[in-house]
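Here's the letter readout for the chains.
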6 protein chains.
Amino acid sequence: MELIPGNSLITASPEDGRALAVLIARNTIHAIQPDVEVLRRNRGEDAADPDGRAVAAHMISIEFATIAAANNYWR
Amino acid sequence: MELIPGNSLITASPEDGRALAVLIARNTIHAIQPDVEVLRRNRGEDAADPDGRAVAAHMISIEFATIAAANNYWR
Amino acid sequence: MELIPGNSLITASPEDGRALAVLIARNTIHAIQPDVEVLRRNRGEDAADPDGRAVAAHMISIEFATIAAANNYWR
Amino acid sequence: MELIPGNSLITASPEDGRALAVLIARNTIHAIQPDVEVLRRNRGEDAADPDGRAVAAHMISIEFATIAAANNYWR
Amino acid sequence: MELIPGNSLITASPEDGRALAVLIARNTIHAIQPDVEVLRRNRGEDAADPDGRAVAAHMISIEFATIAAANNYWR
Amino acid sequence: MELIPGNSLITASPEDGRALAVLIARNTIHAIQPDVEVLRRNRGEDAADPDGRAVAAHMISIEFATIAAANNYWR
């Protein structure tokens, strides 16, 4: 699995940049969780778990800051 | 649902930029929470839950830093 | 209520910039907490709650970083 | 009490900049904690509380990043 | 053990940069955990522990931001 | 004890920069923990405590971002 889908931080728009941030966060969480069975079970719990959402949300904010800078903020 | 409302980080003022940061944070939290029923229930609990507020608040600060840079700080 | 008091990130001094960071953090916490009754009750508890202080403190640090950059660090 | 001692982010050296970051973090924590009695009690507990140290440590890191940028990293 | 594999932040691509961020995060976590026995035991628990994943994920996001800036975002 | 060993953020290499980040994080944690006895006891517990590792790890990531910028990423 790629960690950075498309192997580039350049996107056509802020919306695409945000979607990329979501994917990068997800791929990293998968990459650092080697036990697939545990991952599946946790994924089900995460849907109802505010803490699990917090981790993903925080990552996405930081990834998006990096992607936005890479794209010169789509100015 | 759009992740970045208006598909742009450029706003007329800091106040508009902060409001955009709040919306981006909310939209991401919704996007990574697929179970609507759980979301509704959690939303009610979040109102009284300092931890839920903390996650949103932290996201908003980081999103605003990105938006402020995109707008060259509205100087 | 304004999210960004004065609708500007530009301040006369670092001290004023820090005070603005404190206000922006407070206003956002209020804005994402719609239930006033819960807010009042939590506000009382927050005074003795290290976690509540942590959330506000962390927000203020990030807001101040943004404000300091906006003011070119008052150099 | 000043939030930013000396009302400036400019310091003579990295060591002085780090000491300023520590003071700014402390002053903010005091400013957002209005109940002095609670503060005193918490201060005693904080010495043994890894979580209390975590909040202060995290703040100091972010304040120092801001101060270092303000001083062009003392290059 | 090296803290920064290859002693450089420059990589050929975003994918390589992300992989480097993962390694830097892991090496630092090992470096600050001197008791190997505890590390091994914790490593087994971490696989199922959302909190352990959160720490690593957060670190990787920040390391990647630094690496991306070092590489001028591979533009 | 110095907060910034050598009173400089400039290092010869990324590896040296990372080692400096580890030292700065440690020195700050010591500086904000005045009770040596508690520190010693906590240090023993920290070795097995994922939360203690998390605080240090997070600090190191942020300090390294500052040091990397100071060294223009050793390009």
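It should be emphasised that the depicted structure is a prediction, and the values quoted were computed from it without experimental measurement. (Residues numbered from 1 in each chain as written. Chains lettered and ligands numbered in written order. Predicted model: local features only at pLDDT ≥ 70, side-chain atom pairs only at ≥ 80, totals over all residues. Heavy atoms only, no water.)

A. A look at the overall build of chain A. Assigned secondary structure in chain A consists of three helices and zero strands. Within the span of chain A, comprising 75 residues, buried residues form 57% of the whole. Total accessible area on chain A is roughly 3100 Å²; 53% of this is exposed by carbon and sulfur atoms. (Helix = DSSP H or I, 4+ residues; strand = E, 2+ residues; numbered from the N terminus. Buried < 20%, exposed > 50% of the residue type's maximum accessible area, 1.4 Å probe, protein only. Areas by Shrake-Rupley, 256 points an atom, 1.4 Å probe, with all protein chains shown as cover.)

B. Spotlight on the interface of chain A and chain E. Of the residues lining the interface, 26 residues belong to chain A; the matching set on chain E comes to 24 residues. Together chain A and chain E conceal approximately 2100 Å² of surface at their shared face, both sides included; 64% is due to carbon and sulfur atoms. Linking chain A to chain E there are one salt bridge. The partner of E:R18 in a salt bridge is A:E63, with the nearest N and O atoms 2.8 Å apart. (Contact = heavy atoms within 4.5 Å. Buried area = accessible area lost by both parts, 1.4 Å probe. Salt bridge = Lys/Arg side-chain N within 4 Å of Asp/Glu carboxyl O.)

C. Representation of the layout of surface pockets. Approximately 1600 Å³ is the volume attributed to the second largest pocket. Along the walls of the second largest pocket sit 38 residues, with A:A65, B:A65, C:A65, E:A65 and F:A65 positioned nearest its centre. Looking at the lining of the second largest pocket, the elements with two or more residues in it are α3 (50-70) of chain A, α3 (50-70) of chain B, α3 (50-70) of chain C, α3 (50-70) of chain D, α3 (50-70) of chain E together with α3 (50-70) of chain F. Of the residues that constitute the lining of the second largest pocket, the class distribution is 24 nonpolar, 13 polar and one charged. (1 Å grid on protein atoms, 1.4 Å probe; cavity = no way out; pocket = protein on both sides within 12 Å on 5 of 7 lines; lining within 4 Å. Points joined across faces, edges and corners; volume = space filled by probe spheres on them. Nonpolar A, V, L, I, M, F, W, Y, C, P; charged D, E, K, R; others polar.)

D. Local environment of the relation of the copies chain A and chain E. Its rotation angle being 60°, the transformation that places chain A on chain E also includes 0.0 Å of axial translation and leaves an RMSD of 0.0 Å. Within this description, the copies of the chain are treated as partners about a six-fold rotation axis. For chain A, the smallest separation between a C-alpha atom and the rotation axis is recorded for A:I62, amounting to 7.2 Å. The share of interface residues of chain A whose copies in chain E are also at the interface is only 8%, consistent with the copies meeting through different surfaces. (Least-squares fit on C-alpha atoms with pLDDT ≥ 70 in both.)

E. Representation of the environment of C:I67 in the model. All names here are of chain C. Its location among the elements puts I67 in helix α3. Between the alpha carbons of I67 and P14 there is a distance of 9.0 Å; along the sequence they are 53 residues apart. What I67 contacts, discounting residues up to four positions off in sequence, is L9, G17, L20, A21, I24 and W74.

F. Broad picture of the nonpolar core. Core analysis: the biggest nonpolar cluster contains 126 residues, and A:L9, B:L9, C:L9, D:L9, E:L9 and F:L9 have the highest contact counts within it. The contact partners of F:L9, leaving out residues within four places of it in the chain, are D:P14, D:F64, D:A68, D:Y73, D:W74, F:I4, F:L20, F:I24, F:T66, F:I67, F:A70 and F:N71. In terms of nonpolar packing, the next biggest core, distinct from the first, is built from six residues, A:I62, B:I62, C:I62 and D:I62 among them. (Core = buried A, V, L, I, M, F, W, Y, C linked by side-chain atoms within 4.5 Å.)

G. Representation of unusual backbone geometry in the model. Residues other than glycine seldom take positive phi values, yet B:W74 does so here, at roughly 50°. Position of B:W74 among the secondary structure elements: in the segment after α3. A relative accessible area of 18% means that B:W74 is categorised as buried. For E:Y73, which is not glycine, the phi dihedral falls at a positive 60°. Among the secondary structure elements, E:Y73 is positioned in the segment after α3.

H. Quick peek at the packing of aromatic side chains. For the coordinates displayed, the defined rule picks out six aromatic pairs over all chains. When the centroid spacing of 5.8 Å and the interplanar angle of 20° are considered together, the rings of E:F64 and E:W74 count as stacked. Note that E:F64 is positioned in helix α3 and E:W74 in the segment after α3, a separation of ten residues in sequence. When the ring centre of A:F64 is taken as reference, the NZ or CZ atom of A:R18 above it lies at 4.9 Å. (Phe/Tyr/Trp six-rings, centres within 6.5 Å; stacked < 30°, edge-to-face > 60°. Lys NZ or Arg CZ within 6 Å of the ring centre and 35° of its normal.)

I. Focus on the interface of chain F and chain D. Chain F puts 26 residues into the contact, and the matching count from chain D is 24 residues. Summed over both partners, the interface of chain F with chain D buries about 2100 Å², with 64% contributed by carbon and sulfur atoms. Its largest share of buried area at the contact with chain D, chain F owes to F:L3, F:N7 and F:I32, together 22% of the area lost on that side. Where chain F touches chain D, the interface holds one salt bridge. Run the count over chain F and chain D and you get ten residue pairs in polar contact (both at pLDDT 80 or more). (Polar contact = N/O pair within 3.5 Å; in protein donor to acceptor, adjacent residues only side chain to side chain.)

J. Summary view of the side chain of D:H58. In this fold, D:H58 is placed in helix α3. Setting aside anything within four residues of it in sequence, one finds D:H58 in contact with C:H58, F:H58 and F:I62.

K. Helix α1 (residues 14-31) of chain E, seen in detail. With 18 residues, α1(E) should reach 26 Å at 1.5 Å per residue; the first-to-last C-alpha distance of 25 Å fits that figure. Residues E:P14, E:E15, E:G17, E:R18, E:L20, E:A21, E:V22, E:I24, E:A25, E:N27, E:T28 and E:I29 constitute the buried set of α1(E). (Expected span 1.5 Å × (residues − 1).)

L. Just the confidence of the model for chain A, in detail. Per-residue confidence for chain A gives a mean pLDDT of 84, with 76% of residues at or over 70. In the model output, the complex is listed with pTM 0.88 alongside ipTM 0.83. (pLDDT = per-residue confidence, 0-100.)

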